Amino acid sequence: MKTIAEQLKSVYQAIHNCCVECAIEHKTHLLAVSKTHPFQAIRDAYQVGQRAFGENYAREAATKKAELADLDDIEWHFIGPIQSNKTRLIADTFDWVQTVDREKIARRLSEQRDAALAPLNICLQVNISHEDNKSGVAAEDVMALAKQVHSLPRLTLRGLMCIGSATDDIAVQQAEFTTMQQLFNQLKQDYATVDTLSMGMSGDWQLAIKSGATMIRLGTAIFGSRGK
Ligand SMILES: *Cc1c(COP(=O)(O)O)cnc(C)c1O
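This structure is a prediction, so every number in the text was calculated from the model and none was measured.

Here is what the cut-offs are and how they apply
- Residues numbered from 1 in each chain as written.
- Predicted model: local features only at pLDDT ≥ 70, side-chain atom pairs only at ≥ 80, totals over all residues.
- Heavy atoms only, no water.
- Core = buried A, V, L, I, M, F, W, Y, C linked by side-chain atoms within 4.5 Å.
- Buried < 20%, exposed > 50% of the residue type's maximum accessible area, 1.4 Å probe, protein only.
- Near = heavy atom within 4 Å.
- Polar contact = N/O pair within 3.5 Å; in protein donor to acceptor, adjacent residues only side chain to side chain.
- Areas by Shrake-Rupley, 256 points an atom, 1.4 Å probe, with all protein chains shown as cover.
- Helix = DSSP H or I, 4+ residues; strand = E, 2+ residues; numbered from the N terminus.
- Contact = heavy atoms within 4.5 Å.
- Axes fitted to C-alpha atoms, helices over the stretch in contact; angles between N-to-C directions.
- Left-handed = near helix turned anticlockwise from the far one by under 90°.
- Nonpolar A, V, L, I, M, F, W, Y, C, P; charged D, E, K, R; others polar.
- Pairing = 2+ DSSP bridges.
- Salt bridge = Lys/Arg side-chain N within 4 Å of Asp/Glu carboxyl O.

This part is about the nonpolar core. Counting 64 residues, the largest nonpolar core has Leu109, Leu124 and Leu160 as its most contacted members. Counting residues in each nonpolar core, the second largest holds five residues, with Leu31, Val33, Ala52 and Met215 among its members.

Around the ligand, the structure places 13 residues, and the nearest of them are Lys35, Asn56, Ser202, Thr220 and Arg226. In the model, an oxygen atom of the ligand is placed 2.6 Å from a nitrogen or oxygen of the Thr220 side chain. Considered on its own, the ligand offers 390 Å² of accessible surface; in the complex 89% of this is hidden by protein.

Another point: helix H2 (residues 39-47). Listed as buried for H2 are Ala41, Ile42, Arg43, Ala45 and Tyr46. Of the residues one or two after H2, Gly49 is the one with positive phi, at around 110 degrees.

A few words on unusual backbone geometry. Positive phi is not limited to glycine here, since Ala23 has a value of about 50 degrees. In this fold, Ala23 is placed in the loop between helix H1 (4-21) and strand E1 (29-33). With a phi angle near 70 degrees, Thr36 is a residue other than glycine that sits in the positive phi range. Inspection of the secondary structure puts Thr36 in the loop between E1 and H2.

The next subject is the side chain of Asn56. Positionally, Asn56 belongs in the loop between strand E2 (52-55) and helix H3 (58-67). Overall, the relative accessible area of 14% leaves Asn56 in the buried class. In contact with Asn56, other than residues within four places in its own chain, are Val33, Lys35, Phe78, Ile79 and Gly80.

Our focus in this paragraph is the packing of helix H6 (residues 142-151) against helix H7 (residues 170-190). For the pair H6 and H7, the least separation of the axes is 11 Å and the interaxial angle reads 35 degrees. Note on packing geometry: the crossing formed by H6 with H7 is right-handed. Across from Val142, Met143 and Ala146 in H6, the residues of H7 making contact are Leu183, Gln186, Leu187 and Asp190. Residue composition of the contact of H6 with H7, grouped by class: five nonpolar, one polar and one charged.

A few words now on the pairing of strand E8 (residues 215-218). Residues Met215 and Arg217 line one face of E8 and the alternating positions Ile216 and Leu218 line the opposite face, and both faces are buried. Here E1 runs beside E8; their pairing, made up of four bridges, is parallel. Looking at E8, one finds that Leu30 is bridged to Ile216.

With that settled, consider the pattern of salt bridges. For the structure on display, the rule yields seven salt bridges. Ionic pairing is found between Glu60 and Lys64, a salt bridge with its closest N-O pair at 2.7 Å. Note that Glu60 and Lys64 are positioned in helix H3 at a spacing of four residues, about one turn of the helix. Taken together, the salt bridges that share partners define one network made up of Glu55, Glu60 and Lys64.

Structurally, Phe94 is set in the loop between helix H4 (87-93) and strand E4 (96-100). Judged by relative accessible area, Phe94 falls into the buried class, the value being 1%. Along the primary structure Phe94 and Asn121 are separated by 27 residues, whereas in three dimensions their C-alpha atoms are 8.9 Å apart. The contacts of Phe94, once residues within four sequence positions are left out, are Glu55, Ala58, Ala61, Trp76, His77, Phe78, Arg113 and Leu120.

Below, the structure written as structure tokens:
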């Protein structure tokens, strides 16, 4: 059994190799998805230099954050679906929210973000797989939602996020990532704060990096399986 530190070092090396191979010049950030794993797992990853952690459940994250209050430069990213009755806890707990897909949620997050804290960093989640039951804004509505988020005082628009289709079909994955890259480039032209394209998970992160991802999100590869 490899330790979390060993797994994380292998992941850093694999990302580095992929970036060299694809001649990627920008920095590719790793979001360590720690949902359902105990706070000690986060501490172990922190020791090796990991700072950005992704969580899907606001209450679980708030508990872990309290346990880890001595590690003050952790960056907490919310990556789960957002219910409107959870926006206050999310606004209080996180540094980033990657799953904003409607104006109502954006407005609540901005209203509820403590004025003493830095503005909340926001990525818009795009429903790139066109599945009706998936969260995310439709590609054709991204620019309109971006405009609304940009106008809210306690939010900083940072970019886009997607969860690719659960498929092994490389052509489908590639088409989705290419659409995301085009949307991202368009958004960057309009907003100077936009610098993040969060896409790529365990099964598709190499392709995501080749397609311009600036952040990939890995859980199992670092912390092991989550069980059930
Ligand atoms: C859980 C999750 C991940 C990480 O998934 P793994 O399969 O454990 O790597 C990435 N992104 C989102 C949005 C998730 O919910």
